[in-house]
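Single-letter residue listing:
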Amino acid sequence: MCFVHAAGDCRVNVYLINPSHVSFGIGVITPRWLYVLASATPAIYGKPRLVDETLELFDATAIKAGDVVGIGIHTGNALRGYELGNIARAAGAYVVYGGIHATLYPDEARERGAAHAVVTGDGEQAWPAALKDCAAGQPKDRYDGGRVGGETFLPGRWDLLPQGRYMWASVQTVRGCPKHCSFCSVWRTDGQKPRQRHVNQVLEEIVDLRRRGFRFIALADDNFYPVTLEDLRMASRRNDPSHLEQLKATRAERFELMAGLEKLPSDTVFFTQITMEAAEDPEFLDAMRRAHIRGALVGVEAVTPEGLKDIYKGFNESGESLVERLQAFRRHGVHVLGSFIFGLPSDREATFDATLSVAERANLTFAQFVMLTPFPGTLDFAAWEKSLGDEPPRVGDIPVTRHWLIPQAQRPKIYMDHPVMTADQIRSRTQAVWDHFYSFKSIWQRSRGSVTSLKARLAFVLISKIYRQMYANTGIATDSARVNRSAQWARWMAIPCRRLFAGRPMPDLEIPMPMGHAASSGVPVIFHRERA
Ligand code: SF4
């Protein structure tokens, strides 16, 4: 029993915090994990207090002795997370860390972030266990959440959403990715076996969000296309019937989900992440379009075969066949946000213009150009860390192999030595590509092919500009004054931009029936809190 527990009422305040060193007042996508762990918080603790610092910075002095503070960190926000953890612990609260970074570096969360406990892996079952022990005054060092099955994924507690603060809602349909890209940690942390959520549960959650007025919803999946046609061909060639059947079943479930999504109101808009191989699967692309999946982030990464080899992404195309593949998405009604990486060992000065040219010729609706950064948990990071030996260079007293601990203002933008370019050349050329792709002239031209009415074209310009402010200027600029100015601009533009995404609440919307399932329409969406 909880040590402050009386007659079934626990007076522990539970906080769940999404740390950020920069806030925009309005969020683009709801930070799903906050709302999922709120679902996993047993009712005995009352409503958890959800804090998203991408909206505004949190005054941690509100935390009191005996409270339990859950902080979810990825590498980019770990330092701010540790700052909050120290304040919370000094106030006498129990501090529990979770998230990808805490999973990779549990000891660091204890040493730098004053953790009482660290949840590694998935939080659905481990978080309530940690809460129970904290409330009893006996937290363990570590709770291993492992990888829970798709049937155990929880919906978010969207009743706790602040009104009018987010543009897009988020729902997860599958975790894990069968690929093994060298710059990505997803396949190592979430696993290579896709864990799909039950179709009914996904539809229930989406209908809950539409009832609340969200019509733009991100399918926050690692890879929405976990089985490719090539996977099926290879499994048949290998004469491995059970593997082939498994792949077919996974693919069939995707189609079943899309058939359910198709029955949602026609103004619903989904966005997801997918590999480029989907371009050779017209049946899948057509099902996406019918399912209202209007856009997808596609990891193009590099436009040359050498670049793709650098990152173990040989399954992507390059050159003209790359342009053709990307155009295929548009032909099937799916807009593409193309993601490119600069700073690969094979990159040369000409790579920047070549990439821009591909992005323009391939009819991409949006694009992002990121600089190669060694993130922990990736193959790139392991090789880079090894290459620097026991005495890596330092910034202050922090080795660059722990770059996320370097204060934001002093943090280098490039870490890996390049054979022919300096760090500043890579940074300024990357910035120039962003500037060109998001110049007013280019955006206006793109708007013509993307939307029809003048109002929609103006909205397209606004959204493109805010995207650039939020993701390019705050991430690439080297001086903090420029970062602050960009954040301020993004704050101003985010308010009208959010209104463009707001939908009409549909309180009477019924849950569609996927093929071959009994009716569940009309049943109110239930948050599965009892499972916690
Ligand atoms: S980058 Fe994308 S395709 Fe590659 S492993 Fe990560 S999630 Fe999978």
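The paragraphs below set out a description of the structure included in this document.

Thresholds applied
- Residues numbered from 1 in each chain as written.
- Predicted model: local features only at pLDDT ≥ 70, side-chain atom pairs only at ≥ 80, totals over all residues.
- Heavy atoms only, no water.
- Helix = DSSP H or I, 4+ residues; strand = E, 2+ residues; numbered from the N terminus.
- Rg over C-alpha atoms; globule rule 2.2 N^0.38 Å.
- Contact = heavy atoms within 4.5 Å.
- Areas by Shrake-Rupley, 256 points an atom, 1.4 Å probe, with all protein chains shown as cover.
- Lys, Arg positive; Asp, Glu negative; His and termini not counted.
- Charge placed at Lys NZ, Arg CZ, Asp CG, Glu CD.
- Pairing = 2+ DSSP bridges.
- Axes fitted to C-alpha atoms, helices over the stretch in contact; angles between N-to-C directions.
- Core = buried A, V, L, I, M, F, W, Y, C linked by side-chain atoms within 4.5 Å.
- Buried < 20%, exposed > 50% of the residue type's maximum accessible area, 1.4 Å probe, protein only.
- Near = heavy atom within 4 Å.
- Nonpolar A, V, L, I, M, F, W, Y, C, P; charged D, E, K, R; others polar.
- Expected span 1.5 Å × (residues − 1).
- Parallel < 35°, antiparallel > 145°, perpendicular 65-115°, else oblique.
- Left-handed = near helix turned anticlockwise from the far one by under 90°.
- Salt bridge = Lys/Arg side-chain N within 4 Å of Asp/Glu carboxyl O.
- Phe/Tyr/Trp six-rings, centres within 6.5 Å; stacked < 30°, edge-to-face > 60°.
- Lys NZ or Arg CZ within 6 Å of the ring centre and 35° of its normal.

**Concerning the overall build of the chain**
Working step 1: Scanning the chain for helices and strands turns up 18 helices and 19 strands.
Working step 2: A globule of 532 residues ought to have a C-alpha radius of gyration of about 24 Å, and the chain, at 23 Å, matches this closely.
Working step 3: Overall, the chain is about 70 × 60 × 55 Å in size when its C-alpha atoms are taken along their principal axes.
Working step 4: Taking the intrachain contacts of the chain between residues at least 6 apart in sequence as the baseline, contacts between residues at least 24 apart amount to 76%.
Working step 5: Carbon and sulfur atoms make up 54% of the accessible area of the chain, which amounts to about 22600 Å² in all.
Working step 6: When the 64 positive and 58 negative side-chain charges of the chain are each reduced to one mean point, those points stand 5 Å apart.

**Re the sheet that holds strand E3 (residues 14-18)**
Working step 1: In space, the 6 strands of this open sheet follow the order E5-E3-E6-E7-E8-E9, with parallel pairing throughout. Looking at which strands have only one partner, the edges of the open sheet turn out to be strand E5 (49-52) and strand E9 (142-144). Here the strands of the sheet are splayed against their neighbours by 20° on average, with no regard to which way each runs.
Working step 2: The pairing of strand E7 (residues 94-98) with strand E8 (residues 117-120) spans 2 bridges and is parallel. Each bridged residue has a counterpart across the sheet, and for Val96 the counterpart in E8 is Ala117.
Working step 3: Along the sheet, helix H1 (residues 32-39) contacts E3, E5 and strand E6 (68-72); its crossing angle with E3, the most-contacted strand, is approximately 160°.

**Some points on the nonpolar core**
Working step 1: Counting 96 residues, the largest nonpolar core has Leu261, Leu326 and Phe329 as its most contacted members.
Working step 2: Dropping the residues within four chain positions of it, Phe329 is found in contact with Ile274, Thr275, Met276, Ala278, Ala279, Leu285, Val298, Val334 and Val336.

**Considerations on the site of the ligand**
Working step 1: The environment of the ligand is made up of Cys177, Lys179, Cys181, Phe183, Cys184, Trp187, Asp222, Thr275 and Lys313.
Working step 2: Per-class residue counts for the shell around the ligand are 5 nonpolar, 1 polar and 3 charged.

**Considerations on helix H12 (residues 319-331)**
Working step 1: An ideal rise of 1.5 Å per residue puts 18 Å on 13 residues; H12 measures up with 19 Å between its terminal C-alpha atoms.
Working step 2: Listed in full, the buried residues belonging to H12 are Leu322, Val323, Arg325, Leu326, Ala328 and Phe329.
Working step 3: Backbone geometry just after H12 places Gly333 at a positive phi near 85°.

**Notes on the sheet that holds strand E16 (residues 335-342)**
Working step 1: In spatial order, the strands read E4-E10-E13-E14-E15-E16-E17; together these 7 strands make up an open sheet with parallel pairing. Edge positions in the sheet fall to strand E4 (27-29) and strand E17 (366-371), since each of these pairs with one other strand and no more. Taken pair by pair, the neighbouring strands of this sheet meet at an average axis angle of 25°, ignoring direction.
Working step 2: Bridge count for strand E10 (residues 166-171) against strand E13 (residues 216-219) is 3 bridges, and the pairing is parallel. Within the sheet, the bridge partner assigned to Ser170 lies in E13 and is Ala218.
Working step 3: Here helix H15 (residues 423-437) sits on the sheet and contacts E16 and E17; the angle it forms with E17, its principal contact strand, is near 175°.

**Looking at the packing of helix H7 (residues 199-211) against helix H9 (residues 241-262)**
Working step 1: Put simply, H7 and H9 touch, their axes get as near as 10 Å, and they point 30° apart. When the axes of H7 and H9 are compared, the pair comes out roughly parallel. As for how H7 packs across H9, the hand of that crossing is right-handed. When H7 is examined against H9, the residues Val199, Val202, Leu203 and Ile206 are found in contact with a partner set consisting of Glu253, Glu256, Leu257, Gly260 and Leu261.

**So, the pattern of salt bridges**
Working step 1: Under the counting rule described, the total for this entry stands at 28 salt bridges.
Working step 2: Between Asp267 and Arg210 there is a salt bridge, with its nearest N and O atoms 2.7 Å apart. Here Asp267, found in the loop between H9 and strand E14 (269-274), pairs with Arg210, found in helix H7; they are 57 residues apart in sequence, far enough to count as distant.
Working step 3: Among the residues examined, Asp267 registers a relative accessible area of 30% and is labelled partly exposed.

**Quick notes on the packing of aromatic side chains**
Working step 1: Scanning the model with the defined rule gives 26 aromatic pairs in all.
Working step 2: Taken together, a centroid distance of 4.8 Å and an interplanar angle of 80° make the contact between Phe216 and Phe501 edge-to-face. Taken together, the positions of Phe216 in strand E13 and Phe501 in helix H18 (residues 480-501) put the pair 285 residues apart, joining distant regions of the chain.
Working step 3: Aromatic pair Phe255 and Phe284: ring centres 5.5 Å apart, planes at 85°, arrangement edge-to-face. With Phe255 in helix H9 and Phe284 in helix H10 (residues 282-290), this pair connects stretches of sequence that are 29 residues apart. Of the two residues examined, Phe255 and Phe284, each falls in the buried class.
Working step 4: A connected cluster of aromatic rings, assembled from ring pairs, spans Phe340, Phe342, Phe352, Phe366, Phe369, Trp434, Phe437, Tyr438, Phe460 and Tyr467.
Working step 5: Arg446 extends its terminal NZ or CZ atom over the ring of Tyr438, reaching a point 5.6 Å from the ring centre.
Working step 6: Lying across the ring of Trp444, Arg457 places its NZ or CZ 4.0 Å from the centre.

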